[in-house]
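# Close look at the chain arrangement
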Amino acid sequence: MLYTIYYVACDRNLITILMIQKVNKKFVPPAIGGVNVMNKFINHFPIEERGSTVRTEIIAGATTFATMAYILIIQPLYMSRDAGMNAAGVLIATALVSGVISIIMGLVSNMPFALAPGMGSNVLFASAIVGAGIVPWQTALGMVFISGSVFLILSIFGVREAIVPLIPKNVKVGIGAGLGLFIIRTAMTNSKLLVPFSGLGDFSDPSVLLAGIGMIICIVLNYLRFTFKGKTYQLRGGLLLGIIITTIIGIFMGVTKMPGSIFTQGAFSSLGEVAFKVDILGALNPKYFAFMLSFFMSDFFSTLGTSIALASKTGRTDKDGNFPEIGVVFIIDAIGTILGSLFGLSVVTTYVESASGVEVGGRTGLTSVTTGLLFLSSILFAPLFLMIPNAATAPALVLIGVSMMQGLRNVEFEPISWAPVAILMVGSLYGGTAKGIAFGLVSYIIVNLANYLFVPGDKKRKDSLPSVSTIVLAVLCCLQFFL
């Protein structure tokens, strides 16, 4: 009887695999070495070059997954309740597509960005289009497919990439801070720590109390520093550990619901109920153009803002705030949307929760690969991942949002330069990244035009005037308010 045993040993900078063959109860070294294969895989990622380790990258990927896992609940909820799709099938499709496209992102772009169906586009898809009776869900999937195809064409020809330099530097720098505020507000609202129009949540509610306890735990673990033999160390993976500890505490408080089984039950056959049902021809009707444009605008500017903000956090932006590799990110993001539509999902986009992995030290694509593998594993163990409550992930996301705001140290705080950034942040706080960018661009144009028109003639500077291209971009951004 012949079989192979894989033993995995992991240290700070290297994963090695010892392959042993057993033949008639005798162990014989294999003729081919798995070590070389794994070394080549690890060497694909510039881990040491970017100041990281294999262990850190894996922890970062797990942290990103933990903060994104809610989409495994939310996506089936919206698509089944409002669009009438098979919930189990949507769950499997979400895990499968998110896993595959996140792995592709990690391998190709070598950035710690994870992808999944985007919040906002799923609401538009399920409630505003299908739920409103405008088209069946198969036709709505056709709209997503067409939007993704347009994404891909524009990305391949560099059109999306060429737009990035049109955004003023200060506005680009401010995108990260605006994204941080949005993450904070969303996390606190989802965990009920913040009640819109009312203030702080009710701490007599066990879920709210658990979120408060989790906040203390995450603050301690995230900012814990200790000195050993003259060197100061930080606890890597503190946020992930905080999520795990808070989830366990939630069991005793009745917030974390233990699943009946850790294995996904009877969902694989359900995938066929939603996959490859896309109606492209039906979506080509001109009257659906506004919906497709809405999908396009929200995903484009959301991915743009998220990518620039995260790239800045990882030190991958240049002196002007541009992200040189963003073209590759755009292409993979577009492929994710096309793939998602084929499997029954709304627009797939780069997730802001990737910031959680970046915060704990993720710097390469190995972080995204790890997140992708965990998404794939959730196909088999979905109940285990779905037991993580919002109260456990919200504290980590709040601290991530706080960290994202550190980018403000690179902002010029003169009134003319600062005003558009401040307005962008307020817009992001209440409307999300895409709308925040629109507010920032419009205010930048108004402030600079007013400054040029009303300053004395001898002090006028034509180079302070916004370019025609920037004005056109601002107009395109504003279309999202009317769709």
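Structure's up top.
Basis of the calculations
- Residues numbered from 1 in each chain as written.
- Predicted model: local features only at pLDDT ≥ 70, side-chain atom pairs only at ≥ 80, totals over all residues.
- Heavy atoms only, no water.
- Helix = DSSP H or I, 4+ residues; strand = E, 2+ residues; numbered from the N terminus.
- Rg over C-alpha atoms; globule rule 2.2 N^0.38 Å.
- Contact = heavy atoms within 4.5 Å.
- Areas by Shrake-Rupley, 256 points an atom, 1.4 Å probe, with all protein chains shown as cover.
- Lys, Arg positive; Asp, Glu negative; His and termini not counted.
- Charge placed at Lys NZ, Arg CZ, Asp CG, Glu CD.
- Buried < 20%, exposed > 50% of the residue type's maximum accessible area, 1.4 Å probe, protein only.
- Core = buried A, V, L, I, M, F, W, Y, C linked by side-chain atoms within 4.5 Å.
- Axes fitted to C-alpha atoms, helices over the stretch in contact; angles between N-to-C directions.
- Left-handed = near helix turned anticlockwise from the far one by under 90°.
- Nonpolar A, V, L, I, M, F, W, Y, C, P; charged D, E, K, R; others polar.
- Pairing = 2+ DSSP bridges.
- 1 Å grid on protein atoms, 1.4 Å probe; cavity = no way out; pocket = protein on both sides within 12 Å on 5 of 7 lines; lining within 4 Å.
- Points joined across faces, edges and corners; volume = space filled by probe spheres on them.
- Parallel < 35°, antiparallel > 145°, perpendicular 65-115°, else oblique.
- Phe/Tyr/Trp six-rings, centres within 6.5 Å; stacked < 30°, edge-to-face > 60°.

## Some points on the overall build of the chain
Tallying secondary structure elements over the chain gives 19 helices and nine strands in all. Relative to its length of 483 residues, the chain is compact, with a C-alpha radius of gyration of 24 Å against a globular reference of 23 Å. Here the C-alpha coordinates of the chain stretch approximately 90 × 65 × 55 Å along the principal axes. When contacts within the chain are restricted to residue pairs at least 6 apart in sequence, those whose partners lie at least 24 apart make up 76%. Roughly 21500 Å² of accessible area belongs to the chain as shown, and the carbon and sulfur atoms make up 67% of that amount. Charge centroids of the chain, computed over 30 positive and 21 negative side chains, lie 7 Å from each other.

## Observations regarding the environment of N410
Mapping N410 onto the fold places it in the loop between helix 16 (390–404) and helix 17 (415–431). Residue classification places N410 among the partly exposed residues on the basis of a relative accessible area of 47%.

## A short note on the nonpolar core
With 112 residues, the main nonpolar core has M85, F125, I129, M143, F295, F301 and L304 as its most contacted residues. Take this core: its biggest share by element is 11 residues, from helix 12 (residues 289–313). Other than its neighbours up to four places away in sequence, F295 contacts S121, L124, F125, I129, M143, V144, S147, F151 and V347. Of all hydrophobic cores here, the second largest spans eight residues; its members include V173, A177, V411 and L429.

## Quick word on the packing of helix 8 (residues 169–190) against helix 18 (residues 433–454)
Between helix 8 and helix 18, the shortest axis-to-axis distance is 10 Å and the interhelical angle comes to 145 degrees. Where helix 8 crosses over helix 18, the handedness of that crossing is right-handed. Across the interface between the two elements, V171, I175 and L179 from helix 8 touch T433, I437, G440 and Y444 from helix 18. Its residues assigned to classes, the contact of helix 8 with helix 18 comprises five nonpolar, two polar and no charged.

## A look at the pairing of strand 7 (residues 225–228)
Here strand 7 pairs with strand 8 (residues 231–234) via four bridges, running antiparallel. Note that in strand 8 the partner of F226 across the bridge is Y233. Between strand 7 and strand 8, which pair antiparallel in sequence order, lie two residues; one of them, K229, sits at a positive phi of approximately 55 degrees.

## Brief notes about the layout of surface pockets
Space left empty within the atom packing is revealed by a probe, the size of a water molecule, rolled over the atoms. In this structure, the largest pocket spans a volume of roughly 1300 Å³. What lines the largest pocket is a set of 44 residues, among which Y70, G118, M119, G120 and F182 lie closest to the centre. It is helix 8 that provides the largest number of residues to the lining of the largest pocket, a total of seven residues.

## Quick look at unusual backbone geometry
Note: most peptide bonds trans; most residues except glycine with negative phi. In this structure, N110 is a non-glycine residue whose phi angle is positive, near 60 degrees. Counting through the fold element by element, N110 comes out in the loop between helix 4 (87–109) and strand 4 (115–117). Of note in the backbone geometry, K192 takes a positive phi value of approximately 70 degrees without being a glycine. Structurally, K192 can be placed in the loop between helix 8 and strand 5 (194–195).

## Digging into the packing of helix 17 against helix 18
What describes two packed helices is the angle between their axes and the distance between those same axes. Interaxial distance between helix 17 and helix 18 falls to 7 Å at its minimum, and their mutual angle equals 155 degrees. Relative to helix 18, the element helix 17 is oriented roughly antiparallel. Our pair here, helix 17 against helix 18, has a crossing hand that is right-handed. Together, I416, A419, P420, I423, L424, G427, S428 and G431 of helix 17 and T433, K435, G436, I437, F439, G440, S443, Y444, V447, N448 and N451 of helix 18 make up the contact between the two elements. Residues of the contact of helix 17 with helix 18, tallied by class, amount to nine nonpolar, nine polar and one charged.

## Thoughts on the packing of aromatic side chains
Within this structure, the stated rule accounts for eight aromatic pairs. Between F151 and F296, the ring centres sit 5.1 Å apart and the planes meet at 40 degrees, which makes this aromatic pair tilted. Of the two residues, F151 sits in helix 6 (residues 137–156) while F296 sits in helix 12, which places them 145 residues apart along the sequence. Each member of the pair, F151 as well as F296, is classed as buried. Between the aromatic rings of F413 and W418, the centroid separation amounts to 5.0 Å while the plane-to-plane angle is 40 degrees, which identifies the pairing as tilted.

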